[in-house]
Structure formats: C-alpha cells, structure tokens
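Structural description and commentary
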Amino acid sequence: MGKLLHGFQCKICGANSLIAYEYCANCREKESFQEVKFNGRGTIFSFTKIFVAEERFQSEIPYVVAVIHSDDGLRLLGRIEKEDMEKVTIGAMVELKEWKEDVAIFKVS
Ligand SMILES: [Zn+2]
C-alpha cells in the first residue's frame, strides 16, 4: 500500500488539485477547496533519465523523473525508486512510496 497524497478537492464540482486555489479553475467557485487525501496511484505519462543533477542529488544519478497521471486526475512530477528504474515504461502503474525532502518517490506497482 502506497502513501497517501495530501491535496484539495472542490466542494462544488469535485475538481482535484494539489493546491487550494482561491478560485476553482473548473467551476469558478470562490474558496471552494477542502482538504482531501488521494491514494497516490497513477500511470507514467512520460519520463526521462537524469545523468546530470544539482549538487544535493549528485550521489543518486542516474535516476528517472516521471510525469504521472494520477487516478484522481492530477498531473504529478516525481522520481521513480532506483530499484524500479528498469521497469519504467509509458503507461506503467505506479504508487507514491515516500517523500524525500520535497521530492515524491514512486514505485512501479
Ligand atoms: Zn469547482
């Protein structure tokens, strides 16, 4: 079971977001977002392997960064767990495993 993802949902139209915007982009309602937990599962939409990284990530290269379309309609940017790197393909199912600093780490499920 993966980690839950903290986010927000519009009380009026049900739109999901990682940020509690002042206005809902979908239904235009003001201050309509309430806190919810998403299941952190989704599929890989696109990915890239990183060979050159900033100082604090130097020890971890190479690693895979992926854009994930979550089951809840969110577009997430995260890193794929190192041991799952060879399993990464477009459309592969992933789930949120943990947060490292401010980086979401996903495992291929
Ligand atoms: Zn809305």
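Structure shown above.
Along each chain, numbering runs from 1 in the same order as the chain's sequence is written. Only residues with pLDDT of at least 70 get local features here, since the model is predicted, and only at 80 or more are side-chain atom pairs given and counted; chain-wide, interface and lining totals rely on the full set of residues. Water and hydrogen atoms were dropped before computing side-chain values, which therefore reflect all heavy atoms in the structure.

1. Brief notes about the side chain of R79
Position of R79 among the secondary structure elements: in strand β6 (residues 75–80). Here, residues are in contact when the closest pair of their heavy atoms is within 4.5 Å. Not counting residues up to four positions away in its chain, the partners in contact with R79 are F57, E60, Y63, V64, V65, V103, A104, I105 and F106. In DSSP terms, a helix is any run of H or I states spanning at least four residues, a strand is any run of E spanning at least two, and both are numbered starting from the N terminus.

2. Considering the coordination of the zinc ion
Each metal's donors are the N, O and S atoms found within 2.8 Å of it, except that Na, K and Ca use a 3.2 Å limit; water is left out, so coordination can look incomplete. For the zinc ion, the protein coordination sphere consists of C10 (SG), C13 (SG), C24 (SG) and C27 (SG), at 2.3 Å. Donor angles set the geometry label: tetrahedral for four donors if every angle is between 85 and 135 degrees, square planar for four and octahedral for six if opposite donors exceed 155 degrees and the others are between 65 and 115, irregular for anything else. Relative to the metal, the four donor atoms surrounding the zinc ion lie at angles of 107 to 114°, and the coordination shape comes out tetrahedral.

3. A closer look at the environment of V88
Its location among the elements puts V88 in the loop between β6 and β7 (93–100). Note: C-alpha distance between V88 and I44 (44 residues apart in sequence) is 7.9 Å. Ignoring any residue separated from it by four or fewer positions in sequence, one finds V88 in contact with I44, F47, V64, I80 and V108.

4. Concerning the sheet that holds strand β3 (residues 33–38)
Overall, antiparallel pairing links the three strands, which are arranged β2-β1-β3 in an open sheet. The open sheet is flanked by β2 (16–17) and β3, the only strands paired with a single partner. When strand β1 (residues 5–10) meets β3, the two strands line up antiparallel, connected through six bridges. Note that in β3 the partner of C10 across the bridge is F33. A pair of strands is treated as paired once DSSP finds two or more bridges between them.

5. A closer look at the pattern of salt bridges
Every case where a carboxyl oxygen of Asp or Glu lies within 4 Å of a side-chain nitrogen of Lys or Arg is listed as a salt bridge. Inspection of every chain in the model, using the stated rule, returns seven salt bridges. The partner of E101 in a salt bridge is R56, and the shortest N-O contact between them spans 2.7 Å. Here the residue E101 occupies a position in the loop between β7 and β8 (103–108), and R56 occupies one in the loop between β4 (41–50) and β5 (63–70), the gap between them amounting to 45 residues. Connected via shared salt-bridge partners are E54, R56, E101 and D102.

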